[in-house]
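These are the residues of each chain, in order.
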Amino acid sequence: MSDEPDSPAERQMRFLFQLRSRGVTDPRVLAAMERIDRGHFVRGQFSDRSYEDTPLPIPCGQTISQPSVVGLMTQALNPGPRDTVLEIGTGSGYQAAILSGLCRRVYTVDRHRRLVIEAEAMFQRLGLYNITAQVADGSRGLPDQAPFDRILVTAAAEDPPGPLLAQLKIGGIMVVPVGQSDAVQTLIRVTRSESGFAYDELRQVRFVPLVEGLGQT
Ligand code: SAH
């Protein structure tokens, strides 16, 4: 082992290896995650931990998710190149940036204005022009743009919110962590068909809560 810091290429290889070893195996998702540098979405004192498989604090008391969880959720969502995707919980913008490379259009909303403004600036800087970020209470969805092919909720709800189920197209998929905010939650995939909704449980996760109403900042 040398004490030399990793080159960006080595760091990238290790990052992708870590994702694969935790079950992110879809080549399209891995390629999308290879293209977006997580370092752009982590600020200040935590930036040297950007490539670790761990959630990290971001402003407004929120967190950027763990990369393997971003990968697994994206994989479960399975967005297609012509899909319109709604993400609830912009946070740092990292998850939306990954989705941007996999679908036609991404709408992402957060209840904190500061997070939306900072994420939007990064989308512009990186040339990710198919993302629209908006301040909104995502528990109501985004009725003006509905229905959606895919909905990804990156905050924990006690139940899949009714307005989001209603805004999912027939044939659509929603991925959402469900459970109490102070406990481990279950990641659920909801598939809508002509005959109704089918639910399957994917794994245990831990997310910040989905909070109704807009934030103060
Ligand atoms: N997807 C983010 C991580 C999100 S953390 C990323 O890639 O970095 C969860 C986010 O959900 C927080 O930013 C929080 O402000 C937001 N959130 C919580 N409740 C919300 C609601 N009702 N509407 C919109 N955003 C909400």
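Before any of the text, the structure's been laid out above.
Note that the structure is a prediction, hence the values are computed from the model and not measured.

Thresholds applied
Residue positions are counted from 1 within each chain, in the order its sequence is given. Given that this is a predicted model, residues contribute local features only at a pLDDT of at least 70 and side-chain atom pairs are listed and counted only at 80 or more, while totals for whole chains, interfaces and linings are drawn from all residues. Values reported for side chains reflect all heavy atoms of the structure, with hydrogen atoms and water molecules removed beforehand. Working definition: helices are DSSP H or I runs of at least four residues, strands are E runs of at least two. Numbering for both runs from the N terminus. Values of the radius of gyration come from C-alpha atoms, whereas the globule rule sets the reference at 2.2 Å times the count of residues to the power 0.38. Working definition of accessibility: Shrake-Rupley area with a 1.4 Å probe, residue cover restricted to the visible protein chains. When charges are counted, neither His nor the chain ends are considered; positive counts come from Lys and Arg and negative counts from Asp and Glu. Throughout, a charge is located at the NZ atom of Lys, the CZ atom of Arg, the CG atom of Asp or the CD atom of Glu. For each residue, the accessible area found with a 1.4 Å probe, counting protein chains only, is set against the maximum for its type, and the residue is called buried under 20%, exposed over 50%, and partly exposed in between. Pairing between strands requires that DSSP locate at least two bridges from one strand to the other. The rule is simple: put a 1 Å grid over the protein atoms alone, call a set of points where a 1.4 Å probe fits but cannot get out a cavity, call an open set with protein on both sides within 12 Å along at least five of seven lines a pocket, and count a residue as lining if it has an atom within 4 Å of a point. Grid points are joined across faces, edges and corners, and a volume is the space filled by probe spheres set on the points. Side-chain classes are defined by residue name, with Ala, Val, Leu, Ile, Met, Phe, Trp, Tyr, Cys and Pro counting as nonpolar, Asp, Glu, Lys and Arg as charged, and the others, Gly among them, as polar. Residues are counted as near a molecule or strand when any one of their heavy atoms sits within 4 Å of it. Pairs of N or O atoms within 3.5 Å make up the polar contacts considered here, provided that, within protein, one atom can donate a hydrogen while the other can accept it, and that residues adjacent in sequence are counted only when both atoms are side-chain atoms. Think of it this way: if more than half of a molecule's atoms are within 2 Å of a pocket's grid points, that molecule is in the pocket or cavity. Each salt bridge in this description consists of a side-chain nitrogen of Lys or Arg and a carboxyl oxygen of Asp or Glu lying within 4 Å of one another.

J.: Which residues make up the overall build of the protein chain, and what values do they have?
T.: The helix and strand tally for the protein chain stands at 6 helices and 9 strands. Taken over C-alpha atoms, the radius of gyration comes to 17 Å for the protein chain, in line with the 17 Å a tight globule of 217 residues would show. Taken over the C-alpha atoms alone, the protein chain extends approximately 60 × 35 × 35 Å along its principal axes. For the protein chain, the computed accessible surface area is about 10,700 Å², with 49% contributed by carbon and sulfur atoms. Of the charged side chains in the protein chain, 23 are positive and 25 negative; the average position of the first set lies 4 Å away from that of the second.

J.: Which residues make up helix α3 (residues 67-77), and what values go with them?
T.: By the criterion of burial, α3 is predominantly enclosed, with 10 of the 11 residues buried. Phi turns positive, to about 50 degrees, at Asn78, one or two residues after α3.

J.: Please provide a residue-by-residue account of the pairing of strand β6 (residues 148-153), values included.
T.: Burial analysis of β6 places 6 of its 6 residues in the buried class, the great majority of the element. By the bridge criterion, 4 bridges tie strand β3 (residues 84-88) to β6 in an arrangement that is parallel. Bridging across to β6, Ile88 finds its partner in Val153. Relative to strand β7 (residues 168-178), β6 runs parallel, the two sharing 4 bridges. The partner of Leu152 across the bridge, within β7, is Val175.

J.: Residue-level account of the layout of surface pockets, with values.
T.: In this structure, the largest pocket spans a volume of roughly 560 Å³. Along the lines of polarity and charge, the residues of the lining of the largest pocket split into 16 nonpolar, 13 polar and 6 charged. By volume, the second largest pocket amounts to about 190 Å³. Around the second largest pocket, the lining residues are Ser139, Ala156, Ala157, Glu158, Asp159, Pro160, Pro161, Gly179, Gln180, Ser181, Leu210 and Glu212. Looking at side-chain class alone, the lining of the second largest pocket contains 5 nonpolar, 4 polar and 3 charged residues.

J.: Quick one: what's the story with unusual backbone geometry, residue by residue and with numbers?
T.: Geometrically, the link from Ala146 to Pro147 is a cis peptide bond, its omega value of 0 degrees lying close to zero. Mapped onto the elements of the fold, Pro147 is located in the loop between β5 (131-135) and β6. The phi dihedral of Cys60 falls on the positive side, at around 65 degrees, and the residue is not glycine. Structurally, Cys60 is set in the loop between β1 (56-58) and β2 (62-64).

J.: Kindly report on the site of the ligand, identifying the contributing residues and their values.
T.: In the region of the ligand, 27 residues are neighbours, and Gly89, Ser92, Asp110, Gly138 and Val211 sit closest. Between the ligand and Gln95 there is a distance of 3.0 Å, counted from an oxygen atom to a backbone nitrogen or oxygen. Applying the majority rule of atoms within 2 Å of the grid points places the ligand in the largest pocket. Of all the secondary-structure elements, those providing two or more residues to the shell around the ligand are β2, α4 (94-100) and β4 (105-110). It is β2 that provides the largest number of residues to the shell around the ligand, a total of 3 residues. Grouping the amino acids of the shell around the ligand by side-chain chemistry returns 10 nonpolar, 13 polar and 4 charged.

J.: Now, about the pattern of salt bridges: what can you tell me, with residues and values included?
T.: As enumerated under the stated definition, the model contains 8 salt bridges in all. For Asp53, the salt bridge identified is with Arg22, shortest N-O distance 2.6 Å. On the criterion of sequence distance, the pair formed by Asp53 in the loop between α2 (27-35) and β1 and Arg22 in the loop between α1 (8-21) and α2 is long-range, its members being 31 residues apart. Given a relative accessible area of 43%, Arg22 falls into the partly exposed group. In this structure, Glu52 engages Arg49 in a salt bridge whose closest nitrogen and oxygen atoms are separated by 3.1 Å. Members of the salt-bridge network, linked through shared partners, are Arg43, Arg114 and Glu118.

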